[in-house]
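Per-entry structural report
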Amino acid sequence: GGQEEAVTTLSGTVVQGVSMAGPHATMKMKVGNDIWNLTLAPPPRAERAGLKEGLIPVGAAITVRGNRNLDHDRHEMKTIYIKHGAAEYHVYPDRE
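First things first, this report covers the structure right here in the doc. (Residues numbered from 1 in each chain as written. Predicted model: local features only at pLDDT ≥ 70, side-chain atom pairs only at ≥ 80, totals over all residues. Heavy atoms only, no water.)

**Comments concerning the nonpolar core**
Ranked by internal contacts, the top residues of the largest apolar core, which has 25 residues, are Leu 51, Ile 62 and Ile 82. Every element with two or more residues in this core is listed here: β1 (8-19), β2 (26-31), β3 (34-39), β4 (61-68) and β5 (76-84). Residue contributions to this core peak at four residues, all from β5. Not counting the four nearest positions on each side in its chain, Ile 82 is found in contact with Met 27, Leu 40, Leu 51, Ile 56, Ile 62, Thr 63, Val 64, Ala 87, Glu 88 and Tyr 89. (Core = buried A, V, L, I, M, F, W, Y, C linked by side-chain atoms within 4.5 Å. Buried < 20%, exposed > 50% of the residue type's maximum accessible area, 1.4 Å probe, protein only. Helix = DSSP H or I, 4+ residues; strand = E, 2+ residues; numbered from the N terminus. Contact = heavy atoms within 4.5 Å.)

Structure, rendered in C-alpha cells:
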C-alpha cells in the first residue's frame, strides 16, 4: 500500500511514545476511537529533528501532519511534522 499525495492533519492523544526501534521511528496516537500508527523518519533523521524516546509522554495532546495510507481502513500515516505544546518537530521539512 502507498500513501496519499495530499497532506492530512490529525490531532489526538499519544498512546505509545516515540520508539527508535526498527528501520523507522514510530509512535501511536488516538484520534476519536481510532488508534493511528505513525511512521516517522529513520532514527538518525528523527533524532536530528529533535525527537527521542520518552520526549513526548503518553497522554500528551499532539497534532501531526503527513500522508495517510491509501487504504482508509488502515489508520496509518507517514508523518512529516509533529507539534507538541510549543515544540515543533519537522521530520521531513522538505515535504511540508
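**Some remarks on the environment of Arg 68**
Among the structural elements, Arg 68 can be located in strand β4. Classification of Arg 68 as buried rests on a relative accessible area of 14%. Distance from Arg 68 to Ala 6, taken between C-alpha atoms, is 8.2 Å for residues 62 residues apart in sequence.

**Details of the pairing of β5**
With three bridges connecting them, β3 and β5 associate as parallel partners. In the sheet register, Asn 37 faces β5, and the bridge partner there is Glu 76. Bridge analysis of β5 against strand β6 (residues 87-90) gives four bridges, and the strand direction is antiparallel. When the sheet's bridge partners are listed, Lys 83 is paired in β6 with Glu 88. Here β5 folds back onto β6, and the loop between the two strands holds two residues, one of which, Gly 85, carries a positive phi near 60°. (Pairing = 2+ DSSP bridges.)

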